[in-house]
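# Structure at a glance
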Amino acid sequence: MKQKILAIIFPLCLVGALSLMPLFACTPVDKTLLTENFDIARIQYRYLLNEGSRTDTLFPRTLDDSGKLKLTDKYEWTSGFFPGCLWYMYDGLKDDSIKNEAIKWTEKLESLKDFTEHHDLGFMMYCSYGNAYRVTGNPNYKNILVEAAKSLSSRFDPKVGSIKSWNRFGSWDGKNRYDFPVIIDNMMNLELLFFASKVTGDPYFKNIAVKHAENVMKNQIREDYSCHHVVCYDPQTGAVLSKETSQGYANNSTWARGQSWGIYGFTMSYRETGDKRFLNTAKKMADFYIDNENLPSDFVAYWDFNANEKGYTPSVKSKAKQTPTKYRDVSAAAVTASALLELSTFKGVDGTKYREAAEKIIASLSSPAYRAKTGTNGGFLLKHSVGSIAHGVEIDVPLVYADYYFLEALNRYSAITNRTN
Ligand code: GLY
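Let's shift gears to the pairing of strand 9 (residues 240-244). With four bridges joining them, strand 8 (residues 230-233) and strand 9 adopt antiparallel strand pairing. Directly across from V230, in strand 9, lies its bridge partner E244. Hairpin geometry of strand 8 and strand 9 is characterised by an intervening segment of six residues between the two adjacent antiparallel strands and by a positive phi of about 85 degrees at G238.

Now the structure itself:
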């Protein structure tokens, strides 16, 4: 009798399990995984908050060689990510104690609204105050963001048609110095300008952002839709003087995080303008990442798509050639996942392709290979990112911006799936 019952039940269970399999096969990310990530983030960031609160003026970024928390001052490009992580954790967890910390850490950055020394004000202010304004609607935050956008605009040069990223750039071959370098990362800082035009009604900020993005398309994106990291202009004439790398393997290689900034930046620029040229660039840059023969099967890119490959040679002063290991860069994967999720929602794209690629990255980053066990990793959520191998710094470490874009991707995924369910 018992055997008879088993003979009936077993095939039924098997049919049930098999019918669920395609569901799991195409959606490796489910609600439980999102919740699990936020729960782990809560535990990790409680530790980081404790450590970070030992000083009032510094912001968590990574771990040093001895595994100790490394903080930076507010003028570093990464200062807005820690408050930004707290805002995204608040979105995911709806815990008021996290919101209070997010407010506290955001408001430490207020004086940056007048900062004009480099282009990264967009990262610093939009990831902190931008999220603060989105969540709270506090008009004071909006005013601070508009002031910051004015400061960033002061770096736009109409003759070049671009925002100057850094004040100076020296080639890795030691031969040249340039006064008007533009780096692909600068695409990310345009979001602050688009925001300022929306809330003030003044088109100037948007106009210069569009001009900058057009110049990037013209001079920074290669024919195969990979990108140069740095393009140096002559500020007198606006002419392109050179195309090089600062953080990539070689001048002709594709630095993975640079490619990710491009995918994200053009996706965001299309959202803000509806300009099909930006959508096309975002799609093709995304295809370069996803379809790349050098992309590992877990979709977490090596730090440079051409690292240690024939035909690519680091310049003489770059430390890249002293690094034979092909490290992964989790930060590039996290930025890409978040960008692909937004890209997947646009009409006229292969939404399934981009969404499945993002799901793959999220599933990989949620695995023990990349996500920290609670109580480890100095409190950061993700392991195995790369700051700059060319400079010999922050190699195979946690980075606060990897956590930021991963948390953003989790929230975006949750929003998309709630919309489609
Ligand atoms: N924006 C600097 C970097 O991606 O390392």
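Let us now look at the confidence of the model for the chain. Predicted confidence across the chain gives a mean pLDDT of 94, with 93% of residues reaching 70 or more. With pLDDT under 50 throughout, residues 1-25 is counted as low confidence; its partners more than four residues away or in other chains account for two contacts.

Attention shifts here to the nonpolar core. Ranked by size, the top nonpolar core spans 124 residues in total, and within it F266, L365 and Y405 carry the most contacts. Examining the composition of this core, we find that 11 residues originate from one element, helix 13 (residues 400-420), more than from any other. The contacts of Y405, once residues within four sequence positions are left out, are F81, F123, C127, M188, W261, Y264, A334, V335 and S338.

The immediate surroundings of the ligand are formed by W77, D185, Q247, W255, R257 and W261. Here an oxygen atom of the ligand sits 3.0 Å away from a polar atom, N or O, in the side chain of W261. Relative to its free-state accessible area of 200 Å², the ligand is covered by the protein chains to the extent of 94%. Residue composition of the shell around the ligand, grouped by class: three nonpolar, one polar and two charged.

It is worth spelling out the pattern of salt bridges at this point. On inspection of all chains with the given rule, the structure shows 26 salt bridges. Here D329 and R257 are joined by a salt bridge, their closest N and O atoms 2.9 Å apart. Linking D329 in the loop between helix 10 (276-290) and helix 11 (330-343) with R257 in helix 9 (residues 256-273), this pair joins segments that are 72 residues apart in sequence. Each member of the pair, D329 as well as R257, is classed as buried. Put simply, D298 and R328 hold a salt bridge, and the shortest N to O gap is 2.8 Å. Here the residue D298 occupies a position in the loop between helix 10 and helix 11, and R328 occupies one in the loop between helix 10 and helix 11, the gap between them amounting to 30 residues. Taking the relative accessible area as the measure of exposure, R328 reaches 23% and is therefore partly exposed.

Thresholds, definitions, all that
Residues numbered from 1 in each chain as written. Predicted model: local features only at pLDDT ≥ 70, side-chain atom pairs only at ≥ 80, totals over all residues. Heavy atoms only, no water. Pairing = 2+ DSSP bridges. Helix = DSSP H or I, 4+ residues; strand = E, 2+ residues; numbered from the N terminus. pLDDT = per-residue confidence, 0-100. Contact = heavy atoms within 4.5 Å. Core = buried A, V, L, I, M, F, W, Y, C linked by side-chain atoms within 4.5 Å. Buried < 20%, exposed > 50% of the residue type's maximum accessible area, 1.4 Å probe, protein only. Near = heavy atom within 4 Å. Polar contact = N/O pair within 3.5 Å; in protein donor to acceptor, adjacent residues only side chain to side chain. Areas by Shrake-Rupley, 256 points an atom, 1.4 Å probe, with all protein chains shown as cover. Nonpolar A, V, L, I, M, F, W, Y, C, P; charged D, E, K, R; others polar. Salt bridge = Lys/Arg side-chain N within 4 Å of Asp/Glu carboxyl O.

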